[in-house]
Amino acid sequence: MENFDQIFTLIAEHEGIGLNTDILETGLINIIALVGILVYTGRDFLGSILEARKANILQGVQDAESRLEEAEKRLEEAQKQLSQASIVISEIKNETIAAKKVLLEAE
């Protein structure tokens, strides 16, 4: 806590907290130049990485769409097989009911 008080006393004794408006002293020009150089030189590198990522994503989407189409076809086939199986089951039930009636009448 003493250090905290010392900081405020040092600030109060001197000029206080202020905004440094000297562009050369703050290094603003250096930062702007650095960012400009990074953008200029990194554009091709970053562009190629982004293009590769875009191609990879598009390929993944196309693969997913083709798998979806195949899954829909398989679902349709399975539904047809289910309807055929239910028809066969109903026929077997009808045959067993008829056979049961015949056996009951025979006794």
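In this text, all values refer to a predicted model and were calculated from it rather than measured experimentally.

Visitor: For this particular structure, what's the right way to read the overall build of the protein?
Guide: Summing up its helical and strand segments, the protein has three helices and zero strands in all. Tracing the protein from N to C terminus, the helices and strands come up as α-α-α. Looking at the 107 residues of the protein, the share that counts as buried comes to 1%. Split by element, the accessible area of the protein, about 10400 Å² in all, is 62% carbon and sulfur.

Visitor: Mind showing me how you'd approach the pattern of salt bridges here?
Guide: Opposite charge on two side chains lets them pair, provided their charged atoms get close. One pass over the structure, following the stated rule, counts one salt bridge. Between Lys80 and Glu76 there is a salt bridge, with the nearest N and O atoms lying 3.8 Å from each other. In this pair, Lys80 and Glu76 are both assigned in helix H3 (residues 28-106), four residues apart and thus about one turn of the helix distant.

Visitor: Looking at this model, I keep getting lost on a nonpolar patch on the surface. Mind explaining?
Guide: Among the surface-exposed residues, Ile31, Val35 and Val39 lie close enough to one another that they form a single nonpolar patch of about 270 Å² accessible area. Relative to the assigned elements, Val35 resides in helix H3.

Visitor: Teacher, can you tell me more about the confidence of the model for the protein here?
Guide: Low pLDDT marks regions whose predicted coordinates should not be analysed in detail. On average, the protein scores 85 in pLDDT, and the residues at 70 or more come to 79%. At the level of individual helices and strands, the protein shows its lowest average pLDDT in helix H1 (residues 2-13), which scores 66, and its highest in H3, which scores 92.

Thresholds applied
- Residues numbered from 1 in each chain as written.
- Predicted model: local features only at pLDDT ≥ 70, side-chain atom pairs only at ≥ 80, totals over all residues.
- Heavy atoms only, no water.
- Helix = DSSP H or I, 4+ residues; strand = E, 2+ residues; numbered from the N terminus.
- Buried < 20%, exposed > 50% of the residue type's maximum accessible area, 1.4 Å probe, protein only.
- Areas by Shrake-Rupley, 256 points an atom, 1.4 Å probe, with all protein chains shown as cover.
- Salt bridge = Lys/Arg side-chain N within 4 Å of Asp/Glu carboxyl O.
- Patch = residues over 30% accessible without salt bridge, like charges linked within 9 Å, V, L, I, M, F, W, Y side chains within 5 Å.
- pLDDT = per-residue confidence, 0-100.

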